[in-house]
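Breakdown of the fold
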Amino acid sequence: DPETGSWVGGAMTVVQTGDVLDRGNNSLGVLRALWRLQAEAEAAGGELVLLLGNHELMNMQGKVHYVHKAELAAEGGAGAWKRRMQPTVGDLGAALLRHDAAAVRGGG
């Protein structure tokens, strides 16, 4: 629902193809909203499939050159961001690992 931000898809399956991170100064807010919608979809008999894009993978590898400076600052700087994105010990990295699969496109 555009007004409440709640799941209205009922039993529908929706696939989000990743690359949520590095898309402005509130990509973590968008990611958290997707996680909430995923739970709401399941409760309604639907499914929100979240894939990892190459930007999520880059962040989990410690590559932060595409992260918005304001978002890095709000999270305590590049070092704190990198720690949180580590897949083995970081809260955000561990949560990203729960995504269903990776959608990665190479380019040149």
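Above this text sits the structure in question.
Remember, it's a predicted structure, so these values are computed and weren't measured experimentally.

1. A few points about the overall build of the protein
Check the secondary structure of the protein and you find 5 helices and 3 strands. Expected size for 108 residues packed as a compact globule is a radius of gyration near 13 Å; at 14 Å, the protein falls within 12% of this value. Seen along its three principal axes, the alpha-carbon backbone of the protein occupies a region of about 40 × 30 × 30 Å. Counted over contacts in the protein with a minimum sequence separation of 6, partners at least 24 positions apart contribute 68%. Once the 10 positive and 12 negative side-chain charges of the protein are each reduced to a mean point, those two points are 12 Å apart.

2. Section: the pattern of salt bridges
Inspection of the entire model under this criterion finds 4 salt bridges. The partner of E75 in a salt bridge is R84, and the shortest N-O contact between them spans 2.5 Å. On the basis of relative accessible area, E75 is assigned to the partly exposed category, the value being 24%. Take R84: its relative accessible area is 23%, and that puts it in the partly exposed class.

3. Some remarks on the pairing of strand β2 (residues 47-53)
Taking burial as the measure, the 7 residues of β2 include 6 buried ones, the bulk of the element. The parallel pair strand β1 (residues 13-16) and β2 is bridged by helix α1 (residues 27-43), and the resulting crossover is right-handed.

Cut-offs and rules
Residues numbered from 1 in each chain as written. Predicted model: local features only at pLDDT ≥ 70, side-chain atom pairs only at ≥ 80, totals over all residues. Heavy atoms only, no water. Helix = DSSP H or I, 4+ residues; strand = E, 2+ residues; numbered from the N terminus. Rg over C-alpha atoms; globule rule 2.2 N^0.38 Å. Contact = heavy atoms within 4.5 Å. Lys, Arg positive; Asp, Glu negative; His and termini not counted. Charge placed at Lys NZ, Arg CZ, Asp CG, Glu CD. Salt bridge = Lys/Arg side-chain N within 4 Å of Asp/Glu carboxyl O. Buried < 20%, exposed > 50% of the residue type's maximum accessible area, 1.4 Å probe, protein only. Right-handed = clockwise from strand over helix to strand, strands pointing away.

In short, shape yes, function no, at least from these values alone.
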